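Summary of structural features
Residues per chain are reported as follows:
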Amino acid sequence: MDLYQLFKTRTPIIGVVHLLPLPTSPRWGGSLKAVIDRAEQEATALASGGVNGIIVENFFDAPFTKNQVDPAVVSAMTVVVQRIQNMVTLPIGINVLRNDAKSAMAIASCVKAQFIRVNVLTGVMATDQGLIEGEAHQLLRYRRELGSDVKIFADVLVKHARPLSSPNLTVAVQDTIERGLADAVILSGWATGSPPNQEDLELATQAAAGTPVFVGSGASWENVATLLQAADGVIVSSSLKRHGRREQTIDPIRVSQFVEAAHRSWNNRSDRKSISSVSLKS
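In this text the structure is predicted, and so the values were computed from the model without any measurement.

What follows is about the side chain of His-18. Among the structural elements, His-18 can be located in strand 1 (residues 13–18). Judged by its relative accessible area of 4%, His-18 falls in the buried class. Here Ser-237 takes part through its side chain, which lies 3.5 Å from a polar atom of the side chain of His-18. Engagement of the side chain of His-18 in a polar contact is seen with the side chain of Lys-241, the distance being 2.9 Å.

And the structure:
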């Protein structure tokens, strides 16, 4: 997958819009307008701060179903994404939690979003929703049936979960790409807000052999320069919110601060490559 073609940069920063509770979720507040208003506000803050893409997810619907969500959730997310698309021109991704990749693919295909995030594409993970099995075969066939070119970003050893088999990162990355046909892989820490280990990132990038690797959690303006030494891009939310608290709304100032730190990292990396190239030629 060509990141530049999709995001107009080779090191994308993808911000996340955490939707307020949707219909049928335990904390649903009864107003879809409130959900839309906040989503539009957050998407605008992310875009004005300089991110390269946005993922929309039903984050506040917890506790989640492990696979298929209620049709009302699909309907609500479709409406919200369309409203966001009227506000910003960035590439949009969909993540239907906990692991409803088919619904995410359906929404993305209908609204012409560019990608989806899938928490468990291959393998079996023990989670707080129970055992979740990857259904790559169904998802890939469904994408073909829809005639869609929506990209699949798949988590490897996803956060808030443990693999049933021994957690060999290299094998997991290779299986996700070669057997699950993921277009990009995502590596996170153990929980929301915790970054992946730097050595694990380097190992994942090596195993991915050219397939893009994204940081999926824990990125902040303080550590993004280090993380981007090993990763191709970042997916970020918690550290962009007011006071760094996940229940708060996106803070445009924090977004700008994060983007500037990421750009400095990219410029430094380009400078190092140029110096290395000159040294080799001389």
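Let's shift gears to the sheet that holds strand 6 (residues 130–133). Picture the strands of a sheet paired through backbone hydrogen bonds; they go either parallel or antiparallel. The strand order across the open sheet built from three strands is 6-5-8, with neighbouring strands paired in antiparallel fashion. Strand pairing shows two members of the sheet lacking a second neighbour, strand 6 and strand 8 (161–163), which therefore form its edges. Sheet twist, expressed as the mean angle between neighbouring strand axes with direction ignored, is 30°. Where strand 5 (residues 124–127) lies against strand 8, three bridges are found, and the strand directions are antiparallel. Bridge pairing in strand 8 links Met-125 to Pro-163.

Turning our eyes to something else, we now look at the pattern of salt bridges. Evaluation of the coordinates by the stated rule reveals seven salt bridges. Ionic pairing is found between Glu-42 and Arg-38, a salt bridge with its closest N-O pair at 3.6 Å. Here Arg-38 and Glu-42 lie together in helix 2 (residues 32–49), a separation of four residues that amounts to about one turn. The same class applies to Glu-42 and to Arg-38, which are both buried. The partner of Arg-83 in a salt bridge is Glu-40, and the shortest N-O contact between them spans 3.1 Å. Taken together, the residues span a long stretch of sequence, with Arg-83 in helix 3 (residues 71–87) and Glu-40 in helix 2 at a distance of 43 residues. For Arg-83, a relative accessible area of 35% puts it in the partly exposed group.

Time to look at the packing of helix 3 against helix 4 (residues 101–111). Contact geometry for helix 3 and helix 4: axes closest at 10 Å, N-to-C directions at 40°. The interaxial crossing formed by helix 3 with helix 4 has right-handed handedness. The segment helix 3 lies against helix 4, with Val-74, Met-77, Thr-78, Val-81, Gln-82 and Gln-85 engaging Ser-103, Ile-107 and Val-111. In terms of residue class, the contact of helix 3 with helix 4 is built from five nonpolar, four polar and no charged.

A separate point is the nonpolar core. Residues Leu-19, Ile-54, Ile-92, Ile-94 and Ile-116 are the most contacted members of the largest nonpolar core, which totals 72 residues. Leu-6, Ile-14, Val-16 and Phe-214 belong to the second largest nonpolar core, which has twelve residues in total.

Quick look at unusual backbone geometry now. Of note, the amide linkage connecting Ala-62 to Pro-63 takes the cis form, showing an omega dihedral of 0°. Tracing the chain through its elements places Pro-63 in the loop between strand 2 (53–57) and helix 3. Residue Arg-98 is reached from Leu-97 by a cis peptide bond, and omega for that bond is 5°. Note on placement: Arg-98 falls in the loop between strand 3 (92–95) and helix 4. The phi dihedral of Lys-112 is positive, around 60°, even though this residue is not glycine. With respect to the secondary-structure elements, Lys-112 resides in the loop between helix 4 and strand 4 (115–118). Residue Lys-112 is classed as exposed on the basis of its relative accessible area, which comes to 64%. Positive phi, normally seen in glycine, also occurs at Ala-209, with a value near 50°. In this fold, Ala-209 is placed in the loop between helix 7 (198–208) and strand 10 (213–215). Judged by relative accessible area, which is 68%, Ala-209 ranks as exposed.

Before going further, it helps to examine the side chain of Asn-52. Assignment of secondary structure puts Asn-52 in the loop between helix 2 and strand 2. Those residues in contact with Asn-52 that lie beyond four places of it in its chain are Phe-7, Thr-9, Thr-11, Pro-12, Ile-13, Leu-90 and Pro-91.

What follows deals with the packing of aromatic side chains. By the definition in use, this model includes five aromatic pairs. Taken together, a centroid distance of 5.7 Å and an interplanar angle of 70° make the contact between Phe-7 and Phe-115 edge-to-face. Taken as a pair, Phe-7 in helix 1 (residues 3–7) and Phe-115 in strand 4 lie far apart in primary sequence, 108 residues in all. Residues Phe-7 and Phe-115 agree in their burial class; the two are buried. With centroids separated by 4.7 Å and ring planes inclined at 25°, the aromatic side chains of Phe-115 and Phe-153 adopt a geometry described as stacked. Of the two residues, Phe-115 is situated in strand 4 and Phe-153 in strand 7 (residues 151–155); the sequence distance between them amounts to 38 residues. Counting every residue linked through ring pairs, the aromatic cluster contains Phe-7, Phe-115, Phe-153 and Phe-214. Positioned above the aromatic ring of Tyr-142 is the side chain of Lys-102, whose terminal nitrogen or guanidinium carbon lies 4.8 Å from the ring centre.

Thresholds applied
- Residues numbered from 1 in each chain as written.
- Predicted model: local features only at pLDDT ≥ 70, side-chain atom pairs only at ≥ 80, totals over all residues.
- Heavy atoms only, no water.
- Helix = DSSP H or I, 4+ residues; strand = E, 2+ residues; numbered from the N terminus.
- Buried < 20%, exposed > 50% of the residue type's maximum accessible area, 1.4 Å probe, protein only.
- Polar contact = N/O pair within 3.5 Å; in protein donor to acceptor, adjacent residues only side chain to side chain.
- Pairing = 2+ DSSP bridges.
- Axes fitted to C-alpha atoms, helices over the stretch in contact; angles between N-to-C directions.
- Salt bridge = Lys/Arg side-chain N within 4 Å of Asp/Glu carboxyl O.
- Left-handed = near helix turned anticlockwise from the far one by under 90°.
- Contact = heavy atoms within 4.5 Å.
- Nonpolar A, V, L, I, M, F, W, Y, C, P; charged D, E, K, R; others polar.
- Core = buried A, V, L, I, M, F, W, Y, C linked by side-chain atoms within 4.5 Å.
- Phe/Tyr/Trp six-rings, centres within 6.5 Å; stacked < 30°, edge-to-face > 60°.
- Lys NZ or Arg CZ within 6 Å of the ring centre and 35° of its normal.

Fair warning: the whole summary comes from geometry, so function is off the table for now.
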